[in-house]
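Here is how the chains run, residue by residue.
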Amino acid sequence: MSGNTIIELKNVGVCYTRKAGYMRHAKFWALHDVSFDLRHGETLGVIGRNGAGKSTLLRLLAGILAPDTGEVVRRTDRISLLALQAGFIPYLSGRENAILSGIMLGLSRQEVEARMDDIVKFAELGDFIDEPLRTYSSGMRVRLGFTVAFQADPDVLLIDEVLGVGDASFKEKSSAAMREKISSDKTVVIVTHQAETVLELCDRVVWVEKGVTVEMGEPAAVVQRYQESLVKAPRRA
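Residues numbered from 1 in each chain as written. Predicted model: local features only at pLDDT ≥ 70, side-chain atom pairs only at ≥ 80, totals over all residues. Heavy atoms only, no water.

Draft legend 1. Highlighting helix 2 (residues 94–104). The complete set of buried residues in helix 2 reads Gly94, Asn97, Ala98, Ile99, Ser101 and Gly102. Of the residues flanking the end of helix 2, it is Gly106, one or two places downstream, whose phi is positive at about 105°. (Buried < 20%, exposed > 50% of the residue type's maximum accessible area, 1.4 Å probe, protein only. Helix = DSSP H or I, 4+ residues; strand = E, 2+ residues; numbered from the N terminus.)

Draft legend 2. Quick peek at the packing of helix 4 (residues 116–123) against helix 5 (residues 138–151). Two elements in contact, helix 4 and helix 5, have axes whose closest approach is 9 Å; the angle formed by their N-to-C orientations is 140°. Relative to helix 5, the element helix 4 is oriented oblique. Where helix 4 crosses over helix 5, the two elements pack in a sense that is right-handed. Only Arg143, Leu144, Phe146, Thr147, Val148 and Gln151 of helix 5 make contact with helix 4, whose side of the interface consists of Asp118, Ile119, Phe122 and Ala123. Across the contact of helix 4 with helix 5, the residue classes break down as 6 nonpolar, 2 polar and 2 charged. (Axes fitted to C-alpha atoms, helices over the stretch in contact; angles between N-to-C directions. Parallel < 35°, antiparallel > 145°, perpendicular 65-115°, else oblique. Left-handed = near helix turned anticlockwise from the far one by under 90°. Contact = heavy atoms within 4.5 Å. Nonpolar A, V, L, I, M, F, W, Y, C, P; charged D, E, K, R; others polar.)

Draft legend 3. Region of the structure containing the nonpolar core. Of all hydrophobic cores here, the largest spans 24 residues; its most connected members are Ile7, Leu9, Phe36, Leu57, Leu61, Leu158 and Val189. Considering each element in turn, this core owes the most residues, 5 residues, to strand 1 (residues 5–21). Ignoring any residue separated from it by four or fewer positions in sequence, one finds Ile7 in contact with Phe36, Asp37, Leu38, Leu61, Val72, Val73, Arg74, Ile79 and Val156. By size, the runner-up hydrophobic cluster in this structure holds 22 residues, among which are Leu82, Ala149, Val222 and Tyr226. (Core = buried A, V, L, I, M, F, W, Y, C linked by side-chain atoms within 4.5 Å.)

Draft legend 4. Representation of the environment of Glu200 within the structure. Mapped onto the elements of the fold, Glu200 is located in helix 7 (residues 195–201). Since its relative accessible area comes to 54%, Glu200 is described here as exposed. Residues Glu200 and Gly139, spaced 61 residues apart in sequence, show a C-alpha to C-alpha distance of 28 Å. Within the local environment of Glu200, its side chain forms a polar contact with the side chain of Arg179, the two groups lying 2.9 Å apart. (Polar contact = N/O pair within 3.5 Å; in protein donor to acceptor, adjacent residues only side chain to side chain.)

Draft legend 5. A look at the packing of aromatic side chains. The tally for this structure, following the rule as stated, stands at 7 aromatic pairs. Centroid distance Phe128 to Tyr136: 6.5 Å. Interplanar angle 90°. Geometry classified as edge-to-face. For Phe128, a relative accessible area of 41% puts it in the partly exposed group. A centroid spacing of 6.1 Å and a plane angle of 85° characterise the contact between Phe146 and Phe170, whose relative ring orientation is edge-to-face. With Phe146 in helix 5 and Phe170 in helix 6 (residues 168–182), this residue pair connects regions lying 24 residues apart in the sequence. Accessibility assignment for this pair places Phe146 and Phe170 in one class, buried. Aromatic ring contacts, followed pair by pair, group Phe122, Phe146, Phe150 and Phe170 into a single cluster. Lying across the ring of Phe150, Lys181 places its NZ or CZ 4.6 Å from the centre. (Phe/Tyr/Trp six-rings, centres within 6.5 Å; stacked < 30°, edge-to-face > 60°. Lys NZ or Arg CZ within 6 Å of the ring centre and 35° of its normal.)

Right, dumping it as structure tokens:
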């Protein structure tokens, strides 16, 4: 793996305002000094304890958030965050929600409709695809959300703690499909707490702690130092 740089973060910071008491607000820097590059065709792992800023980082990469400091350079606009059920509307049918979700992920209506048979088959929805989403079980909604996001086939796929979803049989199928995509020439960023996943799938890993890039490099070495840090300090809630 040695592709061209597709996204570059330079000393990036993201600040939120949160309530700090009656009529008072305080600034909270979810990220305040993050720098790394993402190369075409690689799978990059992101590790760090809860509250380290990993999910904010994915939203930043996706273009959902803009940085308050620093710079994000993107050399593609086909970037999708695998956010299950994002934007689903209960009173619309599964088919209508699939079309809207696909458009949100960068597909045209015609592209979604051309893939609809594959979406229905993979999500195992059958005739339910034309029923209102409010009649779906939680498992059905998850299967539809995953399948539409997976069908978007972006240049860069961002995954937040999701490799396999749904019940046992669908989890096995969705996990296999995701691993096949990761092993292809697609560019993938995956946030995970599982060291085995990083070691198995990732070409490089970036360790983020308290909104700062601690280390980036070869997975085995970075994961080892990250795990050693967990032993030395109590895990954050």
